[in-house]
Amino acid sequence: MEDTRIQRACANAAASATPADAAGADDVPVAGEIWRSRGDGGCAAVVLRCAGGAVDYAWLDRNAADGRTPLAQWSQDFEVVLEQGDHFHATPVRRHWLIDAQAQRFRGRRVLELGAHTGGLTESLLAHAAGVAAVENNPRCVRRLRERFGERLRIVAGDMHHALWELAPGEFDVVVCAGVLYHSAHPFLLLEAMAHLRPQAILIDTLDDGVAELRVSVPNLVNSCNYRYNQRPDCGFSLVLGETLIAQALARLGYATMQRIDTAAAQIAPERDSAYFQQWRRSLSAWFVRDGAA
């Protein structure tokens, strides 16, 4: 069971859902977000609530009592965490195996990336593809993507569970769904939405933790896994699909050909190794090719 501090943050986040522009300023924290102290050894804290001109928070990696800081002082004392350290260190390796080593599949193609986050994979997609669009729902990440890539990247700002259905079938040749599926409470809906777009190929990269079929994941935090980002109600749970169910679902949707990427051979510097990286190496990374596509 998750720590009660995280449960409280998730409950506060669900109860205080706000439009994207209301949570837009980089220096305004949102319940459930993780921020890092600029002092105190860079310890992480989860925001419990932001109201009445003050921010209540709980330390995640430090044995200390909950704290309160005036909102006007908050951004001087803390900085938001958009990417955890182990994920950050693993990104260059994942980018090599999933994008650069697969460059021939992207050349001359129109690519849609789901959940681009801060653009760790996007930069290589832009280098190889004819054009790239990205669906992203985190307002902070949307701003980061715009600052980083400008007009080179078309951004679809919104919840992919809805936004994908508003895109035209045949608009994209390749859909990239990397590090996304296991965060969703509705992964089958996402697979259906991807098939609705009728790309020639879909790249699925997802943590399955050795699960062959399905596992329910406990509530997560807003800027880590909560894909609603306080803009809509979110139960906070996610369904983790294993390789068997993903392959069966996509086969029914017209993508029966699966071509695995052997990420088990991926390596990382020992000082940057982590449980997350080892789990990624053991999980599913594969292409699913549309029936009848070349």
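Residues numbered from 1 in each chain as written. Predicted model: local features only at pLDDT ≥ 70, side-chain atom pairs only at ≥ 80, totals over all residues. Heavy atoms only, no water.

1. Quick notes on the confidence of the model for the protein
Argument step 1. Of the residues in the protein, 86% reach a pLDDT of 70 or more, and the chain-wide mean stands at 86.
Argument step 2. Confidence drops under pLDDT 50 across residues 10-24; counting only partners more than four residues distant or on other chains, this segment forms 21 contacts.
Argument step 3. Note that pLDDT drops below 50 for residues 222-226; the model gives that stretch 22 contacts with residues more than four away or on any other chain. (pLDDT = per-residue confidence, 0-100. Contact = heavy atoms within 4.5 Å.)

2. Focus: unusual backbone geometry
Argument step 1. Of note, His 117 is a non-glycine position whose phi angle comes to about 55 degrees, a positive value.
Argument step 2. Looking at the secondary structure, you find His 117 in the loop between strand E6 (110-114) and helix H5 (122-128).
Argument step 3. One non-glycine residue with positive phi stands out, namely Arg 198, at about 55 degrees.
Argument step 4. Tracing the backbone shows Arg 198 in the loop between helix H8 (187-196) and strand E10 (201-206).
Argument step 5. For Arg 198, a relative accessible area of 46% corresponds to the partly exposed category. (Helix = DSSP H or I, 4+ residues; strand = E, 2+ residues; numbered from the N terminus. Buried < 20%, exposed > 50% of the residue type's maximum accessible area, 1.4 Å probe, protein only.)

3. Quick word on the packing of helix H3 (residues 85-98) against helix H10 (residues 275-282)
Argument step 1. Between H3 and H10, whose axes approach to 9 Å, the crossing angle comes to 25 degrees. The angle between H3 and H10 falls in the class roughly parallel. Note on packing geometry: the crossing formed by H3 with H10 is right-handed. Touching Asp 86, His 87, Ala 90, Val 93, Arg 94, Trp 97 and Leu 98 of H3 are Tyr 276, Phe 277 and Trp 280, all from H10.
Argument step 2. Residues belonging to the contact of H3 with H10 are distributed by class as follows: seven nonpolar, one polar and two charged. (Axes fitted to C-alpha atoms, helices over the stretch in contact; angles between N-to-C directions. Parallel < 35°, antiparallel > 145°, perpendicular 65-115°, else oblique. Left-handed = near helix turned anticlockwise from the far one by under 90°. Nonpolar A, V, L, I, M, F, W, Y, C, P; charged D, E, K, R; others polar.)

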